[in-house]
Amino acid sequence: MATTLANRAASNQSIGLWRLSFNLLRNVSTATSTQKPSASSSASKKPKRKKKNLFEIAQFLPNWGLGYHMAKTHWTDVSYQITKINLYKDGRHGKAWGLVHKDGLPAADAPKKISGVHKRCWRYIPHLSKPGEITPALMKPTENAPKPEAQVA
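Residues numbered from 1 in each chain as written. Predicted model: local features only at pLDDT ≥ 70, side-chain atom pairs only at ≥ 80, totals over all residues. Heavy atoms only, no water.

A few points about the nonpolar core
Generally speaking, nonpolar side chains in soluble globular proteins are found buried as a group. For clarity, the cut-off: Joining through side-chain atoms within 4.5 Å is the link that ties buried Ala, Val, Leu, Ile, Met, Phe, Trp, Tyr and Cys residues into a set, and such a set is a nonpolar core. Relative accessibility thresholds used throughout: buried, under 20% of the residue-type maximum; exposed, over 50%; partly exposed, between the two (1.4 Å probe, protein chains only). Helix and strand assignments follow DSSP, with helices taken as H or I runs no shorter than four residues and strands as E runs no shorter than two, numbered in order from the N terminus. Contact between two residues is taken to exist if any of their heavy atoms lie within 4.5 Å; hydrogens are not considered.
By size, the foremost hydrophobic cluster in this structure holds 15 residues, and its most contacted members are L54, M70, A96, I114 and W122. Within the residue set of this core, elements represented by two or more residues are α3 (54-58), β2 (78-87) and β3 (94-102). Per-element accounting of this core gives the leading share, four residues, to α3. Those residues in contact with A96 that lie beyond four places of it in its chain are L54, F55, K84, I85, K112, K113, I114 and V117.

Now the structure itself:
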């Protein structure tokens, strides 16, 4: 009987030590997570500004950005001159086509569909955009326009 009491006391002590160590570990882990960062570091952080997709930028430009240059923020020396936009009803989504420009010069003759227009990484490039100028590749001669030979005669 004495041995059973001794075994029971030993098991109670080991369970008590186990509970004590578990409680100590739990208190230490929760104490570090409940501490708030200092007020000075949180006051210095400004909230991040939400970047815009191509349509959210184009809506503030005249004629929904047709003729203006836009590029993704991580592109260097590459931009699109917007030639056509199909908007969905909400005005923030749709499809867009444009001419690729590299180093400010057209890299393609025909407009192509712009991929990634819904991604939030677009910017307007003001120094390349001159919507008053129309490139000769975009101008289509009309059938009714007089030819230079006919004007001279």
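So, next bit.
Points about the pairing of strand β1 (residues 69-72)
Rule in force here: Two strands form a pair only when DSSP identifies at least two bridges running between them.
Side-chain alternation along β1 places H69 and A71 on one buried face and M70 and K72 on a second face that is also buried. Note: β1 against β2, two bridges, orientation antiparallel. The residue bridging H69 from the neighbouring strand is Q81, located in β2. In this structure, the hairpin formed by β1 and β2 is closed by a connection of five residues, where D77 is found at a positive phi of approximately 65 degrees.

Side note on the packing of aromatic side chains
Spelled out, the test is: Here a pair means two rings of Phe, Tyr or Trp (six-membered ring of Trp) with centres within 6.5 Å. Their orientation is stacked below 30 degrees between planes, edge-to-face above 60, and tilted elsewhere.
Counted by the stated rule, this structure contains three aromatic pairs. On the basis of an interplanar angle of 80 degrees and a centroid distance of 5.7 Å, the ring pair of W75 and W122 is categorised as edge-to-face. Note that W75 is positioned in the loop between β1 and β2 and W122 in strand β6 (residues 122-124), a separation of 47 residues in sequence. Through successive ring pairs, a cluster of aromatic residues spans W75, Y80 and W122.

Focus: the side chain of H69
Applicable threshold: A 3.5 Å cut-off defines polar contacts: any pair of N or O atoms within that distance qualifies, except that in protein one atom must be a possible hydrogen donor and the other a possible acceptor, and neighbouring residues in sequence count only when both atoms are side-chain atoms.
For H69, the position within the fold is in strand β1. For H69, a relative accessible area of 4% puts it in the buried group. Among the polar contacts listed, one links the side chain of H69 to the side chain of S79, at a separation of 3.2 Å.

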